[in-house]
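Each chain, written out:
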Amino acid sequence: TRTPVTVTVTGAAGQIGYALLFRIASGQLLGADVPVKLRLLEIPQGLKAAEGTAMELDDCAFPLLQGIDISDDPNVGFDGANVALLVGARPRTKGMERGDLLEANGGIFKPQGKAINDHAADDIKVLVVGNPANTNALIAQAAAPDVPAERFTAMTRLDHNRALSQLAKKTGAPVSEIKKLTIWGNHSATQYPDVFHAEVAGKNAAEVVNDEQWLADTFIPTVAKRGAAIIEARGASSAASAANAAIDHVHTWVNGTDADDWTSAGVVSDGSYGVPEGLISSFPVTAKNGKFEIVQGLGINEFSRTRIDASVKELEDEREAVRNLGLI
Ligand code: NAX
């Protein structure tokens with residue numbers, strides 16, 4: 001039998017945590033043959049609710065679940081972690097400036113990065129879901145100098161999945177026939193969902209759609225503003241779909257992409273496509289042997305260039321702001 005994989009989930013008592021933990025415990029994160037140990041990290045006010053979720057996890061009698069630990073101490077929560085899903089974050093509240101938001105989250109992600117540095121397993125893989133995800137990932141990564149930078153990633157898979165679904169609706173093709181979509185840049189309203197390299201049933205997606213107006217005025221804003229539309233409709237932010245995307249992200253990272261496809265993830269830039277080195281920006285990525293690789297050599301047209309640049313500029317501004325706050 002395989003040795004269990006330790007998975008730490010922060011914000012475990014939140015709504016994404018509730019949608020995520022049962023799927024991890026059932027084997028959907030790592031595989032149906034991989035036993036897991038869960039570590040739930042919460043703030044003191046969240047501990048009781050996390051205990052309730054742990055009771056429900058027990059009540060599922062998942063054959064793969066080999067233990068649940070709950071803590072409000074990052075040094076305990078990340079001890080021996082092989083996979084860390086950083087979901088808990090400080091939401092933007094009314095009247096909060098962007099600088100306040102970055103600072104409040106720096107207070108969470110900097111100590112968590114340090115705890116990962118000091119206590120996680122050597123093969124640790126980190127996915128940051130909590131917003132602002134890209135810059136929170138950068139803060140955690142900067143606080144973990146002993147961990148290879150590429151192990152810190154930010155989630156844009158929900159944006160990717162949203163784009164797949166919108167393109168499927170538009171073209172009438174099933175999502176399984178759509179390949180090579182890309183989300184570029186920041187997980188924010190400036191993100192750029194790119195169909196110019198995508199394929200619909202083997203044909204170039206931009207040619208199949210053949211409607212630049214639709215791309216600019218409908219597709220891109222629908223994908224970029226989908227989170228707000230969910231809040232408007234549901235009265236709460238995306239939770240099950242966000243948890244699903246986190247499962248997809250880690251599953252792909254560990255198990256790889258199909259040979260004829262790629263996905264999107266926020267990864268540390270190596271300078272590809274003019275994205276400044278060190279920024280955690282969304283790129284087209286393949287995964288192989290437990291590593292993400294940025295897809296190289298794609299031609300970037302004018303339509304895409306201006307949109308990628310605008311989102312990357314926002315990431316540079318966020319990096320500058322957290323630098324000035326001493327968070328990186
Ligand atoms: P909730 O408010 O339901 O849950 C957050 C949980 O985090 C709470 O239980 C809270 O006690 C806990 N928490 C706060 N600070 C913590 C800390 N320092 N250590 C451990 N736990 C801590 O939010 P939820 O709806 O679950 O969303 C979580 C985060 O995901 C938010 O930042 C949200 O903006 C972000 N999202 C990111 C998405 C993405 O695509 N990257 C999409 C969905 C979601 O909006």
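Position numbers for residues start from 1 in each chain and track the written sequence from start to end. For a predicted model such as this one, the threshold for reporting local features is a pLDDT of at least 70, and the threshold for listing and counting side-chain atom pairs is 80 or more; totals across whole chains, interfaces and linings nevertheless cover every residue. As a rule here, side-chain values cover all heavy atoms of the structure and leave hydrogens and water aside.

- Taking an unreviewed UniProt entry as the reference, the protein chain is identified by name as Malate dehydrogenase belonging to Streptomyces violaceusniger.
- UniProt positions are given in the numbering used here, feature names are shortened, and annotations may be inferred rather than shown by experiment. Among the UniProt annotations of the protein chain, the heading Sequence similarities (unreviewed entry) holds the following wording: "Belongs to the LDH/MDH superfamily. MDH type 2 family."
- Turning to the protein chain, the UniProt record has this under Function (unreviewed entry): "Catalyzes the reversible oxidation of malate to oxaloacetate."

**Focus: the overall build of the protein chain**
- Only DSSP runs of H or I covering at least 4 residues are called helices, and only runs of E covering at least 2 are called strands; the numbering of each starts at the N terminus. Scanning the protein chain from N- to C-terminus turns up eleven helices and 14 strands.
- We compute the radius of gyration from the C-alpha atoms alone; for a globule the expected value is 2.2 Å times N to the 0.38, where N is the number of residues. A globule of 328 residues ought to have a C-alpha radius of gyration of about 20 Å, and the protein chain, at 19 Å, matches this closely.
- Once the C-alpha set of the protein chain is aligned to its principal axes, its extents read approximately 50 × 45 × 40 Å.
- The contact criterion used is simple: two residues touch if any of their non-hydrogen atoms lie within 4.5 Å. For the protein chain, long-range pairs separated by at least 24 residues make up 72% of all intrachain contacts whose partners lie at least 6 apart in sequence.
- When charges are counted, neither His nor the chain ends are considered; positive counts come from Lys and Arg and negative counts from Asp and Glu. For charged residues, the charge sits on one atom: NZ in Lys, CZ in Arg, CG in Asp, CD in Glu. Charge separation in the protein chain, taken as the distance between the mean sites of 30 positive and 41 negative side-chain charges, equals 2 Å.

**As for the site of the ligand**
- We call a residue near a molecule or strand as soon as one heavy atom of that residue lies within 4 Å of the molecule or strand. With respect to spatial proximity, 22 residues lie near the ligand, and among them Gln15, Ile16, Glu42, Val129 and Asn131 are the closest.
- Contacts to the ligand include Val129, whose backbone N or O atom sits 3.3 Å from a nitrogen atom.
- Met155 is positioned such that a nitrogen or oxygen atom in its backbone is 3.4 Å from a nitrogen atom of the ligand.
- The fraction of the free accessible surface of the ligand (880 Å²) that becomes covered by protein chains is 79%.
- Think of a 1 Å grid over the protein atoms and nothing else: a 1.4 Å probe that fits but is trapped marks a cavity, an open set flanked by protein within 12 Å on at least five of seven lines marks a pocket, and residues with an atom within 4 Å of a point count as lining. More than half of a molecule's atoms lying within 2 Å of a cavity's or pocket's grid points is what places that molecule inside it. When atoms are counted within 2 Å of each cavity's grid points, the one that captures over half of the ligand is the largest pocket.
- Three classes are used: nonpolar for Ala, Val, Leu, Ile, Met, Phe, Trp, Tyr, Cys and Pro, charged for Asp, Glu, Lys and Arg, and polar for all others, with Gly counted as polar. Each residue belonging to the shell around the ligand can be placed in one class, and the counts come to eleven nonpolar, ten polar and one charged. Polar contacts, as used here, are pairs of N or O atoms within 3.5 Å; protein pairs need one atom able to donate a hydrogen and one able to accept it. Residues neighboring in sequence count only if both atoms are side-chain atoms. Surface exposure here means Shrake-Rupley accessible area, sampled with a 1.4 Å probe, where a residue is shielded only by the protein chains that are shown.

**Remarks on the UniProt feature "binding site: NAD(+)" (unreviewed entry) in the protein chain**
- When the UniProt feature table is mapped onto this chain numbering, "binding site: NAD(+)" (unreviewed entry) sits at Gly11, Ala12, Ala13, Gly14, Gln15, Ile16, Gly17, Asn105, Gln112, Val129, Gly130 and Asn131. Of the annotated set, the members that line the largest pocket are Gly11, Gly14, Gln15, Ile16, Gly17, Val129, Gly130 and Asn131.
- Relative to the helices and strands, Ala13 resides in the loop between β1 (5-10) and α1 (15-25).
- Aside from chain neighbours lying at most four places away, what touches Ala13 is Glu42, Gly46, Ala49 and Ala50.
- By secondary structure assignment, the location of Asn105 is in helix α4 (residues 98-119).
- Setting aside chain neighbours within four positions, we find Asn105 in contact with Ala89, Arg90, Asn131, Pro132 and Asn136.

**Describing empty space enclosed by the protein**
- Grid points are joined across faces, edges and corners, and a volume is the space filled by probe spheres set on the points. All chains considered together, the criterion is met by one cavity of 30 Å³ or more.
- The volume enclosed by the largest cavity comes to roughly 30 Å³.
- Considering every element that reaches the lining of the largest cavity, the biggest residue donor is helix α5 (residues 133-142), with three residues.
- Of the residues that constitute the lining of the largest cavity, the class distribution is four nonpolar, two polar and no charged.

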